[in-house]
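Chain and residue survey
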Amino acid sequence: MRILIGFTLLVLVHCRVVDRSCDGIIVHNIKHEKEILKHDIDSAYQLAIDYDTNTLFFSFSTPHDSSDVFKSAYLNLKNNEYGIITGIPGGFANSVDNRKHKVYLGGNNGIYSFDFDTKRAFYISDSDKNIWQLFYKNKLYFTEYPNEKAYYYENGVSKKVPELEETRAMLLAVDNNENIFFSNSSGLYCYKSDKSKIISVGEYNVNGFTSDINGNLFFSTPEGLYSINGQEIKLLANIDNVYGLAIEGDNSIIYADMNSIVRLKPTKTVCYSEDKKTIVDQENQL
Ligand SMILES: *[C@@H]1O[C@H](CO)[C@@H](O)[C@H](O)[C@H]1NC(C)=O
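Below or above, wherever it landed, is the structure these notes cover. On a predicted model such as this, the values are computed, not experimentally measured, just so you know. Think of each chain on its own: its residues are numbered from 1, step by step along the sequence as written. At least 70 in pLDDT is required for a residue's local features to be given in this predicted model, at least 80 for side-chain atom pairs to be given and counted, and no such filter applies to totals for whole chains, interfaces and linings, which use all residues. Only hydrogens and water are set aside; all other atoms, that is, all heavy atoms of the structure, feed into the side-chain values.

1. So, the state of the cysteines
- Throughout, a disulfide means two cysteine sulfur atoms within 2.5 Å of one another. Summed over the entire model, instances satisfying the criterion amount to one disulfide.
- Between the sulfur of Cys22 and that of Cys271 lies a disulfide, 1.9 Å long from S to S. In this structure, the disulfide formed by Cys22 and Cys271 twists by about -90 degrees around the S-S bond and is classed as left-handed. Residue Cys22 is found in the loop between α1 (2-16) and β1 (25-27), and its partner Cys271 is found in the loop between β25 (260-270) and β26 (277-279); the two are separated by 249 residues along the sequence. Helix numbering and strand numbering both begin at the N terminus, where a helix is a DSSP run of H or I of at least 4 residues and a strand a DSSP run of E of at least 2.

The following block contains the structure:
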């Protein structure tokens, strides 16, 4: 009798155990683990990878440093070598021309390039502009703060991006079909190159764009990571307090949260979740 009661209890207890193996971060139906690449880094922004040297560039806040509120830094993804980049006041924006293996940085007074030997930034252009963001795609795109205007820098001159001349743009990214995705305080928009029109994509609070080694676009919001596949926005993962993301050469996701830089590593656990997709509304044109 005692054995029977024991057995019944065991079954009951067993049935009440909730399966928690799929709690955590699920990307493409695979559970991922966090690998902290850098601790104690305050809200890292605008992550960009030089695929040639496997170096991550980013900016971070220095609230206790009176000289500079933002600084640019690098982190070698192979050996974890880390350093703050000197020679640029208020380093805030980072982007890489991976074909020419050239790293661009933006700060309080213009655009700089990074020198791998000295780990210093050297001034290039636009000293009259406070650079908010840089994005390299065939040429160097950048936005300016507080005007929220979009420019590009090519052959030594900077010009306004004609497609975005009439609009505010804080962050932008260009895809493989020359569509320009951009965000401002109203949400995420896309200038469609085939229709020569700006369409609304959604009320995403974008805080970072990135492209992978093949030019596919991704973005982050404070709530998660998303991919842009043509006209389809797909939620990759729900994560709190995200500040930016980058995609490594082997497609690993790197993101920044309030105080660290994290790599997502796939586990062997498969978890099926509903795909959350938003199809960009073709009719939703401004
Ligand atoms: C953001 O851009 C869209 C599309 O150009 C525009 O309609 C909207 O007014 C902009 N928001 C702000 C705050 O300027």
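Back to the write-up after that little detour.
2. Considering the nonpolar core
- Definition of nonpolar core: a set of buried residues of the types Ala, Val, Leu, Ile, Met, Phe, Trp, Tyr and Cys, connected through side-chain atoms within 4.5 Å. Working definition: with a 1.4 Å probe on protein chains only, accessible area under 20% of the residue-type maximum means buried, over 50% means exposed, and in between means partly exposed. Among the nonpolar cores identified, the biggest contains 29 residues, and Leu164, Leu172, Phe181, Leu188, Tyr204, Phe209 and Phe219 are the most heavily contacted of them.
- Put simply, the parts of the chain that give this core at least two residues each are β13 (149-154), β15 (171-174), β16 (180-184), β17 (187-192), β18 (197-202), β20 (217-221), β21 (224-229) and β22 (232-238).
- Contact definition: two residues touch when any of their heavy atoms are within 4.5 Å. Once residues lying within four places of it in the same chain are set aside, the contact partners of Phe181 are Leu171, Leu172, Ala173, Asp175, Leu188, Tyr189, Cys190, Val201, Phe209, Leu217, Ile228 and Gly230.
- Ile49, Tyr51, Leu56 and Leu75 belong to the second-largest nonpolar core, a separate cluster that totals 16 residues.

3. Focus: the pairing of strand β9 (residues 110-115)
- The element β9 is largely enclosed, with a buried count of five among its six residues.
- Strands are treated as partners if at least two bridges between them are detected by DSSP. For strand β8 (residues 102-107) and β9, the ladder comprises four bridges, and the chain directions are antiparallel. In the sheet register, Gly107 faces β9, and the bridge partner there is Gly110.
- The loop that links β8 with its antiparallel partner β9 comprises two residues.

4. Quick notes on the site of the ligand
- Surveying the vicinity of the ligand reveals nine residues, the closest of which are Thr167, Arg168, Asn184, Ser185 and Ser186.
- By the criterion applied in these results, polar contacts are pairs of N or O atoms within 3.5 Å in which, for protein atoms, one can donate a hydrogen and the other can accept it, and in which residues neighboring in sequence qualify only through two side-chain atoms. Note that an oxygen atom of the ligand is positioned 2.7 Å from one of the side-chain N or O atoms of Thr167.
- Taking Ser186, its side chain carries an N or O atom lying 2.7 Å from a nitrogen atom of the ligand.
- Accessible surface is estimated by sampling points in the Shrake-Rupley manner with a 1.4 Å probe; for residues, cover comes only from the protein chains shown. Burial of the ligand by the protein chains amounts to 65% of its free accessible area of 360 Å².
- Class assignment for the residues of the shell around the ligand results in four nonpolar, four polar and one charged. Note on terminology: near, applied to a residue and a molecule or strand, indicates that one of the residue's heavy atoms is within 4 Å of it. Lys, Arg, Asp and Glu make up the charged group, whereas Ala, Val, Leu, Ile, Met, Phe, Trp, Tyr, Cys and Pro make up the nonpolar group; the residues left over, Gly among them, are polar.

5. Points about the packing of aromatic side chains
- Think of it this way: a Phe, Tyr or Trp ring, Trp meaning its six-membered ring, pairs with another when their centres are within 6.5 Å, and the plane angle makes it stacked under 30 degrees, edge-to-face over 60, tilted otherwise. Evaluated as defined, the whole model comprises 21 aromatic pairs.
- Both rings, one in Phe57 and one in Phe116, keep their centres 6.2 Å apart while their planes meet at 85 degrees; by these two values the pair is edge-to-face. Within this pair, whereas Phe57 is found in strand β4 (residues 55-61), its partner Phe116 is found in the loop between β9 and β10 (120-125), the two being separated by 59 residues in sequence.
- When the ring of Phe209 is compared with that of Phe219, the centres are 6.2 Å apart and the planes differ by 65 degrees; the resulting orientation is edge-to-face. With Phe209 in strand β19 (residues 208-211) and Phe219 in strand β20, this pair connects stretches of sequence that are ten residues apart. Taken as a pair, Phe209 and Phe219 share a single burial class, namely buried.
- Ring pairs connect the aromatic residues Tyr45, Phe70, Phe92, Trp132, Tyr145 and Tyr243, which therefore count as one cluster.
- To sit over a ring, a charge needs its Lys NZ or Arg CZ within 6 Å of the ring centre and within 35 degrees of the ring normal. In this structure, Lys38 packs its charged tip against the face of Tyr82, placed 4.3 Å from the ring centre.

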